[in-house]
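Next come the chains, spelled out residue by residue.
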Amino acid sequence: MKDNEIIKSLLSRRSVRSYKEQQISDDELSTVLRVGTYAPTAMGRQDPWIVAVQNPELRAELSTMNARVMGVDFDPYYGAPTIVLVFATKGGANALQDASLVLGNMMNAAHAIGLGSCWINREIQMFDTPEGQAIMQKLKLPEELTCVGAIALGYPSKEPGEPKPRKAGYAQVVK
């Protein structure tokens, strides 16, 4: 199994927290988004909504909002030129799980094609504000959605480090 290319890719993916300014190609973005749409969802309902943001003004607004929630004065998206937001039905029984699988699929796809990504939190709090609701209206998203999370997406500016050792007892088998 160690020679399996998919397994090798999954084991070598790391969160990237430093990006080149260069925007990713439309083809690369399309690939990442398409793989996101193939994530498993409860009963195959495809509840999540995916929004890729490359517009510099909206990207800056999202960064400011996220930094405010986080209580910092730096870009929580680490300078990535693309931010991919994943929304799901607010209060939906499987919204968090479905959106999380979409985010995970996209991060693995990004790594597989040479891009870097990092899961970014605080979107739930960001879009639960009048400012966030206004952005959703501007994007013509249904108001019953909540933003579960986002990924910073772009070309890594440096190689990610080695993984942390896995904790003892992380996985166990009961027979």
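Look up a bit, the structure's there.
Residues numbered from 1 in each chain as written. Predicted model: local features only at pLDDT ≥ 70, side-chain atom pairs only at ≥ 80, totals over all residues. Heavy atoms only, no water.

S.K.: Give me the overall build of the chain: which residues, what numbers.
M.R.: Per the secondary structure count, the chain includes six helices and four strands. In sequence order, the secondary structure elements of the chain are arranged as α-α-β-α-β-α-β-α-α-β. In terms of overall size, the chain behaves like a compact globule, its C-alpha atoms giving a radius of gyration of 17 Å where 175 residues would be expected to give roughly 16 Å. When the 175 residues of the chain are sorted by exposure, 38% land in the buried category. At a minimum sequence separation of 6, the contacts of the chain that also span at least 24 residues come to 82%. Just so you have it, the chain exposes about 10600 Å², and 54% of that area is on carbon and sulfur atoms. Computing the positive centroid from 19 side-chain charges and the negative centroid from 19, the chain places the two 9 Å apart. (Helix = DSSP H or I, 4+ residues; strand = E, 2+ residues; numbered from the N terminus. Rg over C-alpha atoms; globule rule 2.2 N^0.38 Å. Buried < 20%, exposed > 50% of the residue type's maximum accessible area, 1.4 Å probe, protein only. Contact = heavy atoms within 4.5 Å. Areas by Shrake-Rupley, 256 points an atom, 1.4 Å probe, with all protein chains shown as cover. Lys, Arg positive; Asp, Glu negative; His and termini not counted. Charge placed at Lys NZ, Arg CZ, Asp CG, Glu CD.)

S.K.: So, the packing of aromatic side chains: which residues are in play, and what are the values?
M.R.: For the coordinates displayed, the defined rule picks out one aromatic pair. Seen in terms of ring centroids, Phe87 and Phe127 are 5.1 Å apart; in terms of plane orientation they differ by 75 degrees. Their pairing is edge-to-face. Taken as a pair, Phe87 in strand β2 (residues 82-89) and Phe127 in the loop between α5 (123-126) and α6 (130-138) lie far apart in primary sequence, 40 residues in all. (Phe/Tyr/Trp six-rings, centres within 6.5 Å; stacked < 30°, edge-to-face > 60°.)

S.K.: Can you break down unusual backbone geometry residue by residue, with the values?
M.R.: In the Ramachandran plot, Met43 falls in the positive-phi region, its phi being about 55 degrees despite a non-glycine side chain. Among the secondary structure elements, Met43 is positioned in the loop between α2 (26-37) and β1 (49-53). The phi dihedral of Arg122 falls on the positive side, at around 85 degrees, and the residue is not glycine. Tracing the backbone through its elements, the reader meets Arg122 in the loop between β3 (116-120) and α5.

S.K.: An account of the nonpolar core is needed here, citing residue identities and associated values.
M.R.: Counting 23 residues, the largest nonpolar core has Val53, Leu62, Tyr77, Ile83, Leu85, Phe87 and Phe127 as the members making the most contacts within it. Only β1, α3 (56-70), β2, β3, α6 and β4 (145-154) provide two or more residues apiece to this core. Broken down by element, the residue count for this core peaks at four residues, all from β4. In this structure, Val32, Ala39, Ala88 and Val148 belong to the second largest nonpolar core, which totals 19 residues. (Core = buried A, V, L, I, M, F, W, Y, C linked by side-chain atoms within 4.5 Å.)

S.K.: Explain the sheet that holds β3 residue by residue, including any values.
M.R.: Read across the open sheet, the four strands follow the order β1-β2-β4-β3; overall the sheet is antiparallel. Since the sheet does not close on itself, it has two edges, and those belong to β1 and β3, each with one partner. Adjacent strand axes in the sheet meet at a mean angle of 25 degrees when their direction is disregarded. Looking at chain direction, β2 and β4 are connected through eight bridges and run antiparallel. Across the sheet, residue Phe87 finds its bridge partner in β4, namely Cys147. (Pairing = 2+ DSSP bridges. Axes fitted to C-alpha atoms, helices over the stretch in contact; angles between N-to-C directions.)

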